[in-house]
4 protein chains.
Amino acid sequence: MTVINGYEQSDRNEKLDILNLPSLEARAKKIIPQGGFGYIVGGAEDDWTLQQNTKAFTHAQIVPKALSNIENPDLSTNVFGIDLKTPVMMAPAAAQGLSHSLGEKATAQGVAAVGALMSQSTYSSTSIADTQAAAPDAPQFFQLYMSKDWDFNNALLDEAMKAGVKGIILTVDATVDGYREQDIINNFQFPIPMANLERFAAGDGKGKGIGEIYAAAAQKISEDDVRRIAEYTKLPVIVKGIESPEDAMRAIGAGAAGIYVSNHGGRELNGGPAAFDTLSAIAKAVNHQVPIIFDSGVRRGSHVFKALASGADLVAFARPVLYGLALGGALGVQSVFEQIDHELEIVMQLAGTKDIEAVKHAPLTHFHYEN
Amino acid sequence: MTVINGYEQSDRNEKLDILNLPSLEARAKKIIPQGGFGYIVGGAEDDWTLQQNTKAFTHAQIVPKALSNIENPDLSTNVFGIDLKTPVMMAPAAAQGLSHSLGEKATAQGVAAVGALMSQSTYSSTSIADTQAAAPDAPQFFQLYMSKDWDFNNALLDEAMKAGVKGIILTVDATVDGYREQDIINNFQFPIPMANLERFAAGDGKGKGIGEIYAAAAQKISEDDVRRIAEYTKLPVIVKGIESPEDAMRAIGAGAAGIYVSNHGGRELNGGPAAFDTLSAIAKAVNHQVPIIFDSGVRRGSHVFKALASGADLVAFARPVLYGLALGGALGVQSVFEQIDHELEIVMQLAGTKDIEAVKHAPLTHFHYEN
Amino acid sequence: MTVINGYEQSDRNEKLDILNLPSLEARAKKIIPQGGFGYIVGGAEDDWTLQQNTKAFTHAQIVPKALSNIENPDLSTNVFGIDLKTPVMMAPAAAQGLSHSLGEKATAQGVAAVGALMSQSTYSSTSIADTQAAAPDAPQFFQLYMSKDWDFNNALLDEAMKAGVKGIILTVDATVDGYREQDIINNFQFPIPMANLERFAAGDGKGKGIGEIYAAAAQKISEDDVRRIAEYTKLPVIVKGIESPEDAMRAIGAGAAGIYVSNHGGRELNGGPAAFDTLSAIAKAVNHQVPIIFDSGVRRGSHVFKALASGADLVAFARPVLYGLALGGALGVQSVFEQIDHELEIVMQLAGTKDIEAVKHAPLTHFHYEN
Amino acid sequence: MTVINGYEQSDRNEKLDILNLPSLEARAKKIIPQGGFGYIVGGAEDDWTLQQNTKAFTHAQIVPKALSNIENPDLSTNVFGIDLKTPVMMAPAAAQGLSHSLGEKATAQGVAAVGALMSQSTYSSTSIADTQAAAPDAPQFFQLYMSKDWDFNNALLDEAMKAGVKGIILTVDATVDGYREQDIINNFQFPIPMANLERFAAGDGKGKGIGEIYAAAAQKISEDDVRRIAEYTKLPVIVKGIESPEDAMRAIGAGAAGIYVSNHGGRELNGGPAAFDTLSAIAKAVNHQVPIIFDSGVRRGSHVFKALASGADLVAFARPVLYGLALGGALGVQSVFEQIDHELEIVMQLAGTKDIEAVKHAPLTHFHYEN
């Protein structure tokens, strides 16, 4: 265990026996300090949107194709020109030092071990360069929380380009912090420095409250910013936090190379629809002009299947990975991805879909069920 | 603490630490005597409509507008020619002496402190003049429970005009008391005098049972009454308790200057629809001919947003304010409004709506969820 | 207390303090012996249809008519040429000796006291003549469970005609006993003689199991039987247990003078729809050719209102009356009717409906709610 | 009790007092060892599809036909040219030695006693010949889990033909084992030899883990396999595990003599629709070209009725039978069938359907209910 500003970080590195990803939450709660756990697990207000995110996967049902004559389904895919062994990727979760002393470095290693795509957050505990260096040959995206200060933005983007990231995820759905009651209850202050903030301005990001950190963040984000970042980096810019077809088309019009459908895991706007419910209409509008990444509520291989069959090209998740990170470090992260890939493989075989392309064309029914 | 007819009134005056408004109920229950608390919290029959009122906000979902380039959303609005700092107003709740020894006077001060609109009930614990005088420069509406006795009605309206109220809310959905089981269980009798009743007929309103007080109230209320009050006062008359487009149009035809969509917080007719579910059809029919006030079930900033986006111009609430009044007097009331305004501001920023006008044009989805 | 075959019958006769009718179930359970209580409360199989019967009233919602200018709503009505003070009537429940030593005689008195319509069952604990004689001037219907033996049927009808009943309810939805698990668990045998059976064949109906009693009942019931009974008695024949428009029209074609929409309170066929959900389509088909009686699940004044507004002319209930009978005899029965009439009157006033005819034309909304 | 590899098998043979089939689960749990019970009761992942399977029967409701003039409804039917006393049949459940020392032999005897159709699984604890011989004159189907090894497949089919089975059920929805968490929690390994596997390759099937047994199973199953088996056996081939009209038509095109609508009792693909919800569309497409068998979630006579009224010709179930087998051997199995037949008979009488053909034409409503 590593103690930093009184916060006890896990140092574990071991494979995990995982029954299913939902069960990790209770296990992780025992080893992540209360403030950090509350920050990770919590949604906005009363968690309604957060809870619907996962429940909403029951709104679509997988119709298995019988007599499909397939075996050993292939989970590999190529998105944004990147070869991946799985359509499941790591969402750009902040402050992974809350889960583990190695933070994003361990996550990157675990993600690389399964051939998945890593993305790192502006508010990472480890620097862009260090996170990339932890898995030097594996593909990573850098997620940008825009600051009001473009010197800061450009410096981050410079670092990301230097580190060789394959794309920039521009988050647009968190222009102010969601009203997260867990953090208020815990009076949570980030105990762990945020490396990217520290590097830019010594002292920044260390021991600051959530409010202060966000104070430096840009509230105004526009289509111009998408264009500016795309031009500056020449990298694919994926706009994260899209929940309507109209916004998806505006983002593409502004130069977005990808659409990231998400409601930030229910952490920002409470009272919006479950992200999964918004996916198929957006995919229909986007009509394969650019790839679609989806997250929010994904906990099962069958969720990944349903998101792909509803129009996603990649499916991201974070909380279960952060729990795996706490419980087992890089190897724990790897175990989490292996579990969801294992479940996805079973679902693909049972659904009669031989590869990810087949999954994307799989039919779904929409009977109405209660959970 | 002030004791009146054996009833213990709060004397507090302090700002409150508020996690969220629903959590105030349990806190207030500890300090408001059982009979008074039951009167405030209870709905008609088995509380079905009361409970659906709040649940129904999940029937519409906020679709955030990404890349909207806004910051510091502006909550101010102008309704009925009145400049307000927030679209959230105080509903005309009766008998606030049940919550606090200063009754409506403290409420008026707390409401004024946040620049919101106050409305006071015919059955107030403090007189029209005293309530207005508690916050002399702040806008107030007077709510009329019509009596069978027009001398009484005119006397009240005279006082209201003299006090300078900006409008008259005519309640039409409570022509008999709802079947409130809490009051029956508690054998509740009003322990606190009702100032407006006392002034008209000495001894009236003091220590009377709910039934007796309502016995003097008019059951027959017609479009003619709307006309009569509008002509008598020359003030805007807002008809409160509208649940159908047809009734809204009839009220406007009778001279209503505003429509108040409400089911009385579930306190009158049980088995009717959630008020929120009736709002958008009414707003479509009214088509901006007059402003619309909405209440019943509002507990969150996101509820306010959804009501505005469904056609309301002002959104009222009462129970959380009455709890704040008990827990903190005028300052407690102020804290309650600050909390819901704070939540609304976050929701507006996250939804990409720069001001109330933008909220009114914000799209909503209507996916089906269970609560 | 009266003890008969070891079964303890209530002898009470007192007005009841009633909060609401659902709360009577727990009170009655304390004084009705387990076997009798299980027989009364139980539905078929797992009670699914029974439970949906009451829940289904939330499928329609009352839209109050504002500014309706009414007071003191009038509950009286005239159906089948009979003047009644309330549209709520007593359903023909069997074996009321399970609740009280005076059985149907006390029920008839309580029902008469409120000016409601009484109906008595073939399987009554007291005879047709005695039940009618208990309230000689009050209107009663006789309900017929057809036997395979027409001598028995005719004898019963003769007695009913002699007693002066105003109509015959022919039950057609119980041609075999529902699979009532409570009775199986309790190994329930009727401990109380059934007077009508006893009179016809000495020894019959005394101490027999449910199965034996039903063995004598006719399973085959056809449109011819409706015609035969109507011709024999020259009384209005109301066919009870109709759940589809088609069956209603067939019954009318066979001479039915009334349609009784019911699923036998969920006691017969489990897995059918809630009776309330079937009502409006049936009423539309019947189109006022004959009156419609409705029962199954009615517990509130608002339920009565919704049934009337959906096409019923009379609304029946039984279980709450049987509980009131046990708890207070004839006076208890009266209290139960007074309570539901009181609730109905409040609902009528709040809904803006001055009389039963207005209720029948009141609009309902059909928003979707969970209970 | 018989102990085999440390596993305690029931030896009981007695008629059971059964309140209803759902209640058998708790009774059986007390006598079936934990691993075996988990294997029987468990579904895939979090049991969502398993639970919806039974709940979904509430999505359709039985509309009784009044005045139908019927009695003593007839449950007999003829499907695939086989005379049966009931439309309820035994689904081909594996490894019945987990429930009873006599395994499928006892089941076959119990099934025969009620004149129902038996089907036995490839993974039976007793051999094809022995199972048939246990009830030599009763009709049986043999269910095939295809192996990659056609010598094995042909050997099994040869045995089945020799034993005189009336049809072959080809399961196509289990080409890999579902992700059954109960088995993982229990680290379940089959303790009982599987006779058909043993006979083919000595030592096979004994004490193997579920994974190993499935490793030998074919993942690739195609329309060609249907043709091949039909040609080889000249027996009706029923394709089991169909959930869409398209697949049903493809199976028929490949020579299927019957369609078996099922999601394997929720044991394979979780996140698919309830099997019952898929039935009517499939039946409409099949349009009586071949008979339809239905299973998944059937626990009540009313479920059987609803499945028949939705297009099924035979309705299968397994878990309740396996519980009856454990609790009472062949006589327990008989009791389970007698119970569901008894319930079905009551439902048929109450619904006014004189025989199975009438049930198939019975109307259903589709009101929306929560469970």
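Rules used throughout
- Residues numbered from 1 in each chain as written.
- Chains lettered and ligands numbered in written order.
- Predicted model: local features only at pLDDT ≥ 70, side-chain atom pairs only at ≥ 80, totals over all residues.
- Heavy atoms only, no water.
- UniProt positions renumbered as here; feature names shortened; annotations may be inferred.
- Helix = DSSP H or I, 4+ residues; strand = E, 2+ residues; numbered from the N terminus.
- Rg over C-alpha atoms; globule rule 2.2 N^0.38 Å.
- Buried < 20%, exposed > 50% of the residue type's maximum accessible area, 1.4 Å probe, protein only.
- Contact = heavy atoms within 4.5 Å.
- Areas by Shrake-Rupley, 256 points an atom, 1.4 Å probe, with all protein chains shown as cover.
- Lys, Arg positive; Asp, Glu negative; His and termini not counted.
- Charge placed at Lys NZ, Arg CZ, Asp CG, Glu CD.
- Buried area = accessible area lost by both parts, 1.4 Å probe.
- Salt bridge = Lys/Arg side-chain N within 4 Å of Asp/Glu carboxyl O.
- Polar contact = N/O pair within 3.5 Å; in protein donor to acceptor, adjacent residues only side chain to side chain.
- Nonpolar A, V, L, I, M, F, W, Y, C, P; charged D, E, K, R; others polar.
- Least-squares fit on C-alpha atoms with pLDDT ≥ 70 in both.
- Phe/Tyr/Trp six-rings, centres within 6.5 Å; stacked < 30°, edge-to-face > 60°.
- Lys NZ or Arg CZ within 6 Å of the ring centre and 35° of its normal.
- Pairing = 2+ DSSP bridges.
- Axes fitted to C-alpha atoms, helices over the stretch in contact; angles between N-to-C directions.

Chain A is annotated in an unreviewed UniProt entry as L-lactate oxidase of Lacticaseibacillus manihotivorans DSM 13343 = JCM 12514. Under the UniProt heading Subunit (unreviewed entry), the note attached to chain A is "Homotetramer." Within the UniProt record for chain A, the comment given under Sequence similarities (unreviewed entry) is "Belongs to the FMN-dependent alpha-hydroxy acid dehydrogenase family."

Student: Help me get a handle on the overall build of chain A, residues and values and all.
Tutor: If you tally the helices and strands in chain A, you get 15 helices and 14 strands. Its C-alpha radius of gyration of 19 Å places chain A within 12% of the 21 Å reference for a compact globule of 371 residues. Seen through its principal axes, chain A has C-alpha atoms that stretch 60 × 45 × 40 Å. Put simply, chain A has 371 residues, and 68% of those count as buried. Taking as baseline every contact in chain A between residues at least 6 positions apart, the subset at least 24 positions apart corresponds to 74%. Carbon and sulfur atoms form 48% of the exposed surface of chain A, whose accessible area is close to 12000 Å². Of the charged side chains in chain A, 30 are positive and 43 negative, and the gap between their average positions amounts to 1 Å.

Student: So what's going on with the interface of chain A and chain D? Residues and values would help.
Tutor: Interfaces are often sized by the accessible area lost when the parts come together. At the junction of the two partners, chain A supplies 33 residues and chain D supplies 43 residues. Taking both sides of the interface into account, the surface hidden between chain A and chain D amounts to around 3100 Å²; carbon and sulfur atoms contribute 58%. One salt bridge connects D:E181 with A:R300, and the closest N-O pair in it is separated by 2.7 Å. On inspection of chain A and its partner chain D, the count reaches 17 residue pairs in polar contact (both at pLDDT 80 or more). Within the residue set of the side of chain A that touches chain D, elements represented by two or more residues are β3 (61-62), α13 (301-309) and α14 (319-351) of chain A.

Student: How would you summarise unusual backbone geometry if you had to cite specific residues and measurements?
Tutor: Note: most residues except glycine have negative phi, and most peptide bonds are trans. Phi is positive for A:H288, which is not a glycine, with a value near 70 degrees. A positive phi angle, close to 50 degrees, is found at B:N72, a residue other than glycine. Relative to the helices and strands, B:N72 is located in the loop between β3 (61-62) and β4 (77-79).

Student: Quick rundown of the interface of chain C and chain B? Include the residues and the values.
Tutor: Chain C puts 33 residues into the contact, and the matching count from chain B is 44 residues. Carbon and sulfur atoms supply 58% of the area buried between chain C and chain B, which totals about 3100 Å² over both sides. If you sort the residues of chain C by the area they bury against chain B, C:L67, C:L350 and C:Y369 come out on top, with a joint share of 25%. At the junction of chain C with chain B, the criterion picks out 1 salt bridge. Summed over the shared surface of chain C and chain B, the number is 17 residue pairs in polar contact (both at pLDDT 80 or more). The set of elements that each furnish at least two residues to the side of chain C that touches chain B consists of β3 (61-62), α13 (301-309) and α14 (319-351) of chain C. No other element matches the 7 residues that α14(C) contributes to the side of chain C that touches chain B. Considering only residue class, the side of chain C that touches chain B consists of 14 nonpolar, 13 polar and 6 charged.

Student: So what's going on with the relation of the copies chain C and chain B? Residues and values would help.
Tutor: Each of the two chain copies can be brought onto the other by rotation about an axis and movement along it. With an RMSD of 0.0 Å, the fit of chain C onto chain B corresponds to turning through 90 degrees and sliding 0.0 Å along the axis. Here the transformation between the copies is reduced to the relation of a four-fold axis. Across chain C, the rotation axis passes nearest the C-alpha of C:E370, at a separation of 5.1 Å. Here only 12% of the contact residues of chain C are again contact residues in chain B; the copies associate through non-equivalent surfaces.

Student: Pulling in residues and values, what's your account of the relation of the copies chain A and chain D?
Tutor: Between the two copies, chain A and chain D, the superposition gives an RMSD of 0.0 Å; the rotation angle is 90 degrees and the shift along the axis is 0.0 Å. Interface overlap between copies is the fraction of interface residues in one copy that are interface residues in the other; for chain A against chain D it is only 12%, indicating separate surfaces.

Student: Residue-level account of the packing of aromatic side chains, with values.
Tutor: Counting across every chain of the model gives 45 aromatic pairs over all chains. Each ring, one from A:F276 and one from A:F294, has its centre 6.3 Å from the other, and the planes form 75 degrees; the classification is edge-to-face. Residue A:F276 is located in helix α12 (residues 275-286), and its partner A:F294 is located in strand β12 (residues 292-294); the two are separated by 18 residues in the primary sequence. Exposure class is identical for A:F276 and A:F294. Each is buried. Sitting over the face of the ring of B:W48, C:K306 holds its NZ or CZ atom 5.8 Å from the ring centroid. Stacked on the ring of D:W150, the Lys or Arg D:R228 has its end atom at 3.6 Å from the ring centre.

Student: Lay out the sheet that holds strand β7 (residues 118-120) of chain D with the relevant residues and their values.
Tutor: Residues and elements named next belong to chain D. Taken together, 8 strands build an open sheet; the order of strands is β6-β13-β12-β11-β10-β9-β8-β7 and the sheet is parallel. On the outer flanks of this sheet lie β6 (88-90) and β7, each paired with one strand and no other. This sheet shows a mean twist of 30 degrees between the axes of neighbouring strands, independent of strand direction. In this sheet, strand β10 (residues 237-242) lies alongside strand β9 (residues 167-171) in parallel orientation, the contact comprising 4 bridges. Within β10, the residue paired with I168 across the bridge is V237.

Student: Can you tell me about helix α13 (residues 301-309) of chain B, naming the residues and giving the values?
Tutor: Residue and element names in this part refer to chain B. Summarising burial for α13: 9 of the 9 residues are buried, a large majority. Taken together, the buried positions of α13 are G301, S302, H303, V304, F305, K306, A307, L308 and A309. Just downstream of α13, G311 is the residue with a positive phi angle, here 125 degrees.

Student: Describe the UniProt feature "binding site: glyoxylate" (unreviewed entry) in chain A, listing the residues and the values that go with them.
Tutor: All names here are of chain A. The sites that carry the UniProt feature "binding site: glyoxylate" (unreviewed entry) are, in the present numbering, Y39, Y145, R180, H264 and R267. Among the secondary structure elements, R180 is positioned in the loop between β9 (167-171) and α7 (181-185). Residue classification places R180 among the buried positions, given a relative accessible area of 4%. By the secondary structure assignment, R267 is in the loop between β11 (258-261) and α12. The buried category is assigned to R267, whose relative accessible area is 10%. The contact partners of R267, leaving out residues within four places of it in the chain, are Y39, I40, G42, G43, A44, G178, R180 and R319.

Student: Any chance you could break down the sheet that holds strand β9 (residues 167-171) of chain B for me, citing the residues and the numbers?
Tutor: Residue and element names in this part refer to chain B. On the basis of which strands lie adjacent, the open sheet formed by 8 strands has the order β6-β13-β12-β11-β10-β9-β8-β7 and parallel pairing. Looking at which strands have only one partner, the edges of the open sheet turn out to be β6 (88-90) and β7 (118-120). Neighbour-to-neighbour, the strand axes of the sheet open up by a mean angle of 30 degrees, direction not taken into account. Pairing of strand β11 (residues 258-261) with strand β12 (residues 292-294) involves 3 bridges; the strand directions are parallel. Note that in β12 the partner of I259 across the bridge is I292. Here helix α10 (residues 223-233) sits on the sheet and contacts β8 (140-144), β9 and β10 (237-242); the angle it forms with β10, its principal contact strand, is near 150 degrees. Sheet contacts for α13: β6, β12 and β13 (314-317); angle to β13, the most-contacted strand, approximately 140 degrees.

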